[in-house]
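# Report on the structure
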Amino acid sequence: MAKLNLGIVCPMANEADLATTFVKETLKQCEGFASVTFFAVIDCASTDDTLDILLTLAESESRLNVVWAPENRCVVDAYVRGYKEAIYAGCDWILEIDAGFSHQPSDIQKFFPKMLQGFDCVFGSRFCQGGRIKNSPLSRRLISRGGTIITNLLLGTKLTDMTSGFQMFTQQSLKYILSQGIKSRYHFFQTEIKFHCRQFKIAEVPIHYQAASPSVHRAAIHDAFKNLGRLFLERYFKGAKKLKIQSNKN
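## Here we look at the overall build of the chain
- Of regular secondary structure, the chain possesses eight helices and nine strands.
- Relative to the 2.2 N^0.38 estimate, which gives 18 Å for 250 residues, the radius of gyration of the chain is 18 Å and therefore close to what a compact globule would have.
- Its C-alpha atoms give the chain principal-axis dimensions of roughly 65 × 40 × 40 Å.
- Expressed as a percentage of contacts within the chain between residues at least 6 apart in sequence, the contacts between residues at least 24 apart total 82%.
- Of note, the chain has its 31 positive side-chain charges centred 13 Å away from the centre of its 23 negative side-chain charges.

If you want it as structure tokens, here you go:
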């Protein structure tokens, strides 16, 4: 890892109470790299003092890069902006983590051994052995579990957790994901990313997740079903096209 540049992508909004502690705890888990850059993406969704607090912290913490992105229209735009910043900065590995300690910085070091083994993408899982969810109502757990089962069936994926957003990529795999386009405007984009990664060498590691919100908006559920149908059709027609090509060759 001493030859690698690590980028950490973390959209942050209304995190004034925890922003400084979270950044410091996350960076503490990322020692041993040639360089580490924490890309904190802030946009107009944040209405408290998070931006000012992070700008002040950046004056003494050179590894913190505060990205002000007022053009963002949704949370997906914040993540994509962070991905692009990390790629542009030449980061070899890019870690995505949610702020506010819904994802635990102490889990970060579980990702590094898998990446060193040559995996292109490593996904945090709440449902594999050793994974755990805290402070989440049964309804939200059922949505996450059910969503994983349905998407694996329809999209041909085989992960234990298709909706988690704690994950790590090589620069090359993340470039490919962005080249495919991310059309979801809500948190289903995490599933969309995993669908695009299905041909890569991928692995899962257990994470401990603490729910940041007890509910899921109806618009997010509608977006998930709409984009799940789109990805299913994409997979179906690509599969049919491959069979036709193979048939013609024979």
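Having seen the model, we can carry on.
## Re the packing of aromatic side chains
- Counting across every chain of the model gives eleven aromatic pairs.
- When the ring of tyrosine 79 is compared with that of phenylalanine 189, the centres are 5.1 Å apart and the planes differ by 45°; the resulting orientation is tilted. Placement of the pair is tyrosine 79 in helix 3 (residues 75-88) and phenylalanine 189 in helix 7 (residues 189-196), with a sequence separation of 110 residues.
- Consider the rings of phenylalanine 111 and phenylalanine 166, whose centres lie 4.9 Å apart with planes at 35°: the pair is tilted. Residue phenylalanine 111 is located in helix 4 (residues 111-116), and its partner phenylalanine 166 is located in the loop between helix 5 (138-155) and strand 7 (167-170); the two are separated by 55 residues in the primary sequence. Across the pair, phenylalanine 166 and phenylalanine 111 agree in class, each one buried.
- Through a chain of ring-to-ring contacts, three or more aromatic side chains come together here, namely Phe33, Trp93 and Phe112.
- One Lys or Arg, arginine 126, reaches over the ring of tyrosine 209 and ends 5.3 Å from the middle of that ring.

## So, the pattern of salt bridges
- All told, the structure shown has eight salt bridges when counted by the stated rule.
- Here arginine 63 and glutamate 31 are joined by a salt bridge, their closest N and O atoms 3.7 Å apart. Here the residue arginine 63 occupies a position in the loop between helix 2 (50-58) and strand 3 (64-68), and glutamate 31 occupies one in the loop between helix 1 (19-28) and strand 2 (35-42), the gap between them amounting to 32 residues.
- Given the relative accessible area of 26%, arginine 63 is considered partly exposed.
- In this structure, aspartate 107 engages lysine 110 in a salt bridge whose closest nitrogen and oxygen atoms are separated by 2.9 Å.
- Residue aspartate 107 is classed as buried on the basis of its relative accessible area of 3%.
- According to the relative accessible area criterion, lysine 110 is partly exposed, its value standing at 29%.

## Observations regarding the nonpolar core
- Leu6, Ile8, Met12, Phe38 and Leu54 are the most contacted members of the largest nonpolar core, which has 33 residues in total.
- Those elements that provide at least two residues to this core are strand 1 (5-11), helix 1, strand 2, helix 2, strand 3, strand 4 (93-96), helix 4 and strand 8 (202-206).
- Contacts of leucine 6, omitting those with residues within four sequence positions, involve Cys30, Phe33, Ser35, Val36, Thr37, Cys91, Trp93, Leu95, Phe112 and Met168.

Calculation criteria
- Residues numbered from 1 in each chain as written.
- Predicted model: local features only at pLDDT ≥ 70, side-chain atom pairs only at ≥ 80, totals over all residues.
- Heavy atoms only, no water.
- Helix = DSSP H or I, 4+ residues; strand = E, 2+ residues; numbered from the N terminus.
- Rg over C-alpha atoms; globule rule 2.2 N^0.38 Å.
- Contact = heavy atoms within 4.5 Å.
- Lys, Arg positive; Asp, Glu negative; His and termini not counted.
- Charge placed at Lys NZ, Arg CZ, Asp CG, Glu CD.
- Phe/Tyr/Trp six-rings, centres within 6.5 Å; stacked < 30°, edge-to-face > 60°.
- Buried < 20%, exposed > 50% of the residue type's maximum accessible area, 1.4 Å probe, protein only.
- Lys NZ or Arg CZ within 6 Å of the ring centre and 35° of its normal.
- Salt bridge = Lys/Arg side-chain N within 4 Å of Asp/Glu carboxyl O.
- Core = buried A, V, L, I, M, F, W, Y, C linked by side-chain atoms within 4.5 Å.

By themselves these figures say nothing about function.
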